[in-house]
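Notes for the structure review
These are the residues of each chain, in order.
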Amino acid sequence: MADLRIKINVDYDDFSLSIDQQISLTGITGIFGHSGSGKSTLLKVIAGLDKDAQGQLLINDTILFDSQAKTFLAPQQRNIGLVFQNSRLFPHLTVEENLRYGQKRKKNNVTNKPLDFSEIVALTQLESLLVKSVAQLSGGEQQRVALARALLAEPRLLLLDEPLSALDDQNKILMLTLLEKVQKQLNLPMLYVSHSLAEIQQLANSLLVLSSGKVSHYGDIHQVIHQLTTDNEILHQTSLSLTVKEHLPAYGLTSLVLAEQQILMALNDHLEIAKQARCIIAASDISVTLHEPRESSIVNHLQGIITGFNRCNAQILLTVNCSGQDFFVTITAWSANRLSLVLEQSIYIQFKANAVRILR
Ligand SMILES: Nc1ncnc2c1ncn2[C@@H]1O[C@H](COP(=O)(O)OP(=O)(O)OP(=O)(O)O)[C@@H](O)[C@H]1O
């Protein structure tokens, strides 16, 4: 397993980026932060596009730069691919010519099996566009060309900086599906920058959060989302991956496994049985009861223990552990008083099937 070791400082007139973090290069790592938090600057340093950074950057034992030792690998020597918001394609060339250019940038010392041109063209759905000039393509098509061109250079790491921001909703979904497929099929680690947490949640396995040029959180995506929820930094929510058990079309439901309990969601028969489904449940969509609500139309009621009790303005954010999974629930201080809720108390949480939102 590859690791990216980042120990860098970048000083601009009004902004400093200071990062000391080791990132595991597996799957997709989301890089999230508000505008101006330093996301693009970090990607530029990794790509070798910022020569003024101080410190060290390594992938395993390979030094990408070490300012003290005056070592600096040029961008084309790093074997790192880039896809930006507005892809920089050659407008006077056809799609195929743009892609062949990507292929020429391939380094010889790659360890992965060589990629087949037509395999990448098929994967990125560009077969029918090869002879077109890129100037004739839509924004979504151009982004797919940019992705294919980056892949054909056979990078060991792919950096994506807001690759969807210029696309409409339909093209965003297409591109997200494509990126997930590409990542799995080529086993290519990706760093995916976005200021949209919703976008990152659909793709990433791990999450790095930047705040004013520093890393505020890093780790498994669900754990970091839970941390951001308890820190009141995002809309309170439970983020989880569950195994799909069965579809119940007669009832309009799909069931998911939560240890010895189950969660029912609105029927989604696109989900594959026995595969993991990633979902979120807004804390405001869950309520608590002291006894199991057997005579309610609400389909989900899970037994759990209150493990967290945080006041947040006039609301209480409860953490309730059900079968080893933390759920977040917002209730009013009035309800907390009326039910005399305390830490370690055994209660039930309840939520409708429609409250379970599937991300992928
Ligand atoms: N070359 C530069 N010289 C001086 N300041 C810069 C330079 N590049 C970026 N900055 C500043 O560094 C800060 C971080 O910029 P950066 O583009 O990394 O943020 P970001 O998190 O990617 O933001 P956004 O989501 O808006 O793209 C900003 O305040 C920006 O103005």
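No experiment lies behind these values; they were computed from the predicted model shown. (Residues numbered from 1 in each chain as written. Predicted model: local features only at pLDDT ≥ 70, side-chain atom pairs only at ≥ 80, totals over all residues. Heavy atoms only, no water.)

1. Comments concerning the nonpolar core
Our working rule: For this analysis, a nonpolar core means a set of buried residues of the types Ala, Val, Leu, Ile, Met, Phe, Trp, Tyr and Cys, connected via side-chain atoms within 4.5 Å. Partly exposed residues are those whose accessible area sits between 20% and 50% of the maximum for their type, while under 20% is buried and over 50% is exposed, using a 1.4 Å probe and protein chains only. Note on conventions: DSSP H or I runs of at least 4 residues are helices, E runs of at least 2 residues are strands, and numbering of each starts at the N terminus. Whether two residues are in contact is decided by their heavy atoms, any of which lying within 4.5 Å being enough.
Ranked by internal contacts, the top residues of the largest apolar core, which has 45 residues, are Leu99, Leu158, Tyr192 and Leu207. If one sorts the elements of this core by residue count, helix α4 (residues 139-152) sits on top with seven residues. What Tyr192 contacts, discounting residues up to four positions off in sequence, is Ile28, Thr29, Gly30, Ile31, Leu160, Pro163, Leu164, Leu176, Leu179, Glu199, Ile200 and Leu203.

2. Digging into the site of the ligand
Going by this rule: Here, proximity means that at least one heavy atom of the residue falls within 4 Å of the molecule or strand. We define a polar contact as two N or O atoms separated by no more than 3.5 Å, with the added condition that, inside protein, one atom must be a possible hydrogen donor and the other a possible acceptor, whereas residues neighbouring each other in sequence contribute only through side-chain atom pairs. For this classification, the nonpolar set comprises Ala, Val, Leu, Ile, Met, Phe, Trp, Tyr, Cys and Pro, the charged set comprises Asp, Glu, Lys and Arg, and every other residue, Gly included, is treated as polar.
Taken together, the residues surrounding the ligand are Tyr12, Phe15, His34, Ser35, Gly36, Ser37, Gly38, Lys39, Ser40 and Thr41. Between an oxygen atom of the ligand and a side-chain N or O atom of Ser35, the distance comes to 2.5 Å. Within the side chain of Lys39, an N or O atom sits 2.8 Å from an oxygen atom of the ligand. Within the shell around the ligand, the residues separate by chemical class into two nonpolar, seven polar and one charged.

3. Focus on the environment of Ile306
Among the structural elements, Ile306 can be located in strand β17 (residues 300-312). With a relative accessible area of 0%, Ile306 lands in the buried category. In this structure, the C-alpha to C-alpha distance between Ile306 and Thr29, residues 277 residues apart in sequence, is 31 Å. In this structure Ile306 touches Leu318, Thr319, Val320, Leu341, Val342, Leu343, Glu344, Gln345 and Ile347, once residues within four positions along its chain are discounted.

4. Observations regarding the packing of α4 against helix α5 (residues 169-186)
In plain terms, the rule: To get an axis, a line is fitted to the C-alpha atoms, and for a helix only the part in contact is used. The angle between two axes follows their N-to-C directions and goes from 0 to 180 degrees. To sort the angles, those under 35 degrees are grouped as roughly parallel, those over 145 as roughly antiparallel, those from 65 to 115 as roughly perpendicular, and the leftovers as oblique. Each helix crossing is assigned a hand: it is left-handed if the near helix lies turned anticlockwise from the far helix by less than a right angle, otherwise right-handed if that turn is clockwise.
Following both chains from N to C, one finds α4 and α5 inclined at 15°, their axes separated by 10 Å at the closest point. Taken together, the axis directions place α4 and α5 in an arrangement best described as roughly parallel. Between α4 and α5 the crossing geometry is right-handed. Residues Gly140, Gln143, Arg144, Leu147 and Leu151 of α4 lie in contact with α5, whose contacting residues are Asn171, Leu174, Met175, Leu178, Leu179, Val182 and Leu186. Of the residues assigned to the contact of α4 with α5, the class counts are eight nonpolar, three polar and one charged.

5. Details of the sheet that holds strand β13 (residues 253-258)
Stated formally: Strand pairing is assigned whenever DSSP detects at least two bridges linking the two strands.
If you walk across this open sheet you meet the five strands as β14-β13-β12-β15-β21, and the pairing is antiparallel. Where the open sheet ends on each side, the last strands, each with one partner, are β14 (261-266) and β21 (357-358). Looking at chain direction, strand β15 (residues 276-282) and β21 are connected through two bridges and run antiparallel. Bridge assignment links Cys279 to a residue of β21, and that residue is Ile358. Lying on the sheet, helix α7 (residues 221-230) is in contact with β12 (237-248) and β15; it crosses β12 at an angle near 130°.

6. Here's the deal with the pattern of salt bridges
Threshold: Salt bridge, as used here, is a side-chain nitrogen of Lys or Arg placed within 4 Å of a carboxyl oxygen of Asp or Glu.
Using the criterion set out here, one finds four salt bridges in the structure. Between Lys275 and Glu272 there is a salt bridge, with the nearest N and O atoms lying 3.4 Å from each other. On the basis of relative accessibility, which here comes to 45%, the residue Lys275 falls in the partly exposed class.

7. What to know about the domain arrangement of the protein chain
Put simply, the rule is: Start and end points for every domain follow an automatic or database-based domain assignment. Buried surface area refers to the total accessible area, computed with a probe of radius 1.4 Å, that the two partners give up upon joining, counted for both partners together.
Domain annotation for the protein chain reports domain 1 (2-230) and domain 2 (237-358). Between domain 1 and domain 2, the C-alpha centre-to-centre distance is 35 Å. The partner domain 2 presents 11 residues to the 12 residues of domain 1 that form the contact. Where domain 1 abuts domain 2, roughly 900 Å² becomes buried across the two surfaces, and 50% of that area is made up of carbon and sulfur atoms.

8. Observations regarding the packing of helix α2 (residues 95-104) against α4
Orientation of α2 relative to α4, taken along the N-to-C sense of each, is 30°, at an axis distance of 7 Å. Taken as axis vectors, α2 and α4 run roughly parallel relative to one another. Of the two possible hands of crossing, α2 and α4 adopt the one that is right-handed. Facing Val95, Asn98, Leu99, Tyr101, Gly102 and Gln103 of α2, the residues of α4 in contact are Val145, Ala148, Arg149 and Leu152. Residues that form the contact of α2 with α4 fall into these classes: six nonpolar, three polar and one charged.

9. Section: the side chain of Ser206
Following the sequence through the fold, Ser206 ends up in strand β10 (residues 206-211). Its relative accessible area of 10% is what places Ser206 among the buried residues.

10. Concerning the sheet that holds strand β11 (residues 214-220)
The sheet built from six strands is open, its strands ordered β7-β8-β9-β3-β10-β11 with mixed pairing. Each edge of the open sheet is held by one strand with a lone partner, namely β7 (80-83) and β11. With direction set aside, neighbouring strand axes in the sheet form an average angle of 15°. Two strands pair when backbone bridges link them, and strand β3 (residues 28-32) and β10 are joined in this way by four bridges, in the parallel orientation. Counterpart to Gly30 in the pairing with β10 is Leu207.

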